[in-house]
Amino acid sequence: MTDSSPPGHNRPFPYNRLQAFLARPGLDDAMRSSVRGAVAYYDAAPALHRDVKDVSRFLLGVLALYLDATGGLTHRRLRELSGKSGILSAGTATAVLLRLQLIGYVTRTDAANGHSRPYKPTPAMEAAFRGRMRIEFEALTHLTDETAEMLARFDEPAVFSMLMAMMGRQSMQAAGSPNPDIEAFNQLAVRSAGLLILFDVMHQADTGGAFPPVGQVELSVAAIARHYDVSRSHVLSVLRDIEAAGWIEKGPRDGVWILLPALQADIRIFYGITYLGLIRATEMAFERLEAKKAG
């Protein structure tokens, strides 16, 4: 597959659909499914999460799959793309590529490509990312059937490869013009296990009603640190960032935190944009697949 622009790749992000999307009655269940799935998948895919604990590194994996789908994954292309997109520095891209190789997620191929050493995502990497993305697409079933065909065809290599290509393009566009409405989430996302710690707080507080709930939750900083293999001081620092965002506050005694209404409001916008992005990537992927079939 070449890196030619697919049909509709310049389609603007559908922000005009956001408010109506947020009003759908299944949104709480979708978010609950996404959060619960993300927390559970940390344990289900230890190799992935041991070295890819923040979203920027996860997106680097998406870019690696994107490059593989659009002309080939090489060290040079990944460094250049990472630097241009702003998702990660070129140096960090090199380090993460090495880690992906060490954990068996990418391997060098026998073919030569100029002065660049080509790499190939392994079936293990593709399975790990497919499993992680499946969580979000299954969550979307609470809201819409717009991605039902993609979910049904997730295991088709050509379909999933095209989805990753479109998500890679979308990730680069988002990095180039970040949405200020989700800036606090973006800042948290670049911290090691930052979003996972937030998700863990919401998951532990979940009572099965509105999601996330407003009110008290008792947290063990030591348990969270052990779970995500980070220090207690790191967990406390992340909790302070979440507090600074206006989403939680310290409770009446040690270990108790209070989830605030602002978290309910802001997480809905975050997931609304996330889900609309998945719908957009799905539309673009199938448009591209149809164009390839016709051409």
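See above for the structure.
To start, this report covers the structure provided alongside it. (Residues numbered from 1 in each chain as written. Predicted model: local features only at pLDDT ≥ 70, side-chain atom pairs only at ≥ 80, totals over all residues. Heavy atoms only, no water.)

Here we look at the overall build of the protein chain
Moving on, step 1. Looking only at helices and strands, the protein chain features 14 helices and 6 strands.
Moving on, step 2. A buried classification covers 51% of the 295 residues belonging to the protein chain.
Moving on, step 3. The contacts in the protein chain between residues at least 6 apart in sequence include a share of 71% that link residues at least 24 apart. (Helix = DSSP H or I, 4+ residues; strand = E, 2+ residues; numbered from the N terminus. Buried < 20%, exposed > 50% of the residue type's maximum accessible area, 1.4 Å probe, protein only. Contact = heavy atoms within 4.5 Å.)

A few points about the environment of A128
Moving on, step 1. Inspection of the secondary structure assignment puts A128 in helix α7 (residues 123-140).
Moving on, step 2. A relative accessible area of 6% places A128 in the buried class.
Moving on, step 3. Taking the C-alpha atoms as reference, A128 lies 6.6 Å from A45; in sequence the two are 83 residues apart.
Moving on, step 4. In contact with A128, not counting residues within four places along its chain, are Y41, L48 and Y105.

Quick word on the packing of aromatic side chains
Moving on, step 1. By the definition in use, this model includes 9 aromatic pairs.
Moving on, step 2. Seen in terms of ring centroids, F13 and Y15 are 4.6 Å apart; in terms of plane orientation they differ by 45 degrees. Their pairing is tilted.
Moving on, step 3. A relative accessible area of 21% means that F13 is categorised as partly exposed.
Moving on, step 4. Take Y15: its relative accessible area is 41%, and that puts it in the partly exposed class.
Moving on, step 5. Through a chain of ring-to-ring contacts, the aromatic side chains of F185, F199, W247, F270, Y271 and Y275 assemble into a single cluster. (Phe/Tyr/Trp six-rings, centres within 6.5 Å; stacked < 30°, edge-to-face > 60°.)

As for the sheet that holds strand β4 (residues 215-218)
Moving on, step 1. Taken together, 3 strands build an open sheet; the order of strands is β4-β6-β5 and the sheet is antiparallel. Looking along the sheet, the strands with just one partner apiece sit at the ends: β4 and β5 (248-250). Taken pair by pair, the neighbouring strands of this sheet meet at an average axis angle of 35 degrees, ignoring direction.
Moving on, step 2. Of the strand pairs in this sheet, β4 and strand β6 (residues 256-259) are connected by 4 bridges, and their pairing is antiparallel. Bridging across to β6, V217 finds its partner in W257.
Moving on, step 3. Of the strands in this sheet, β4 and β6 touch helix α11 (residues 194-205), which is tilted by about 105 degrees from β4. (Pairing = 2+ DSSP bridges. Axes fitted to C-alpha atoms, helices over the stretch in contact; angles between N-to-C directions.)

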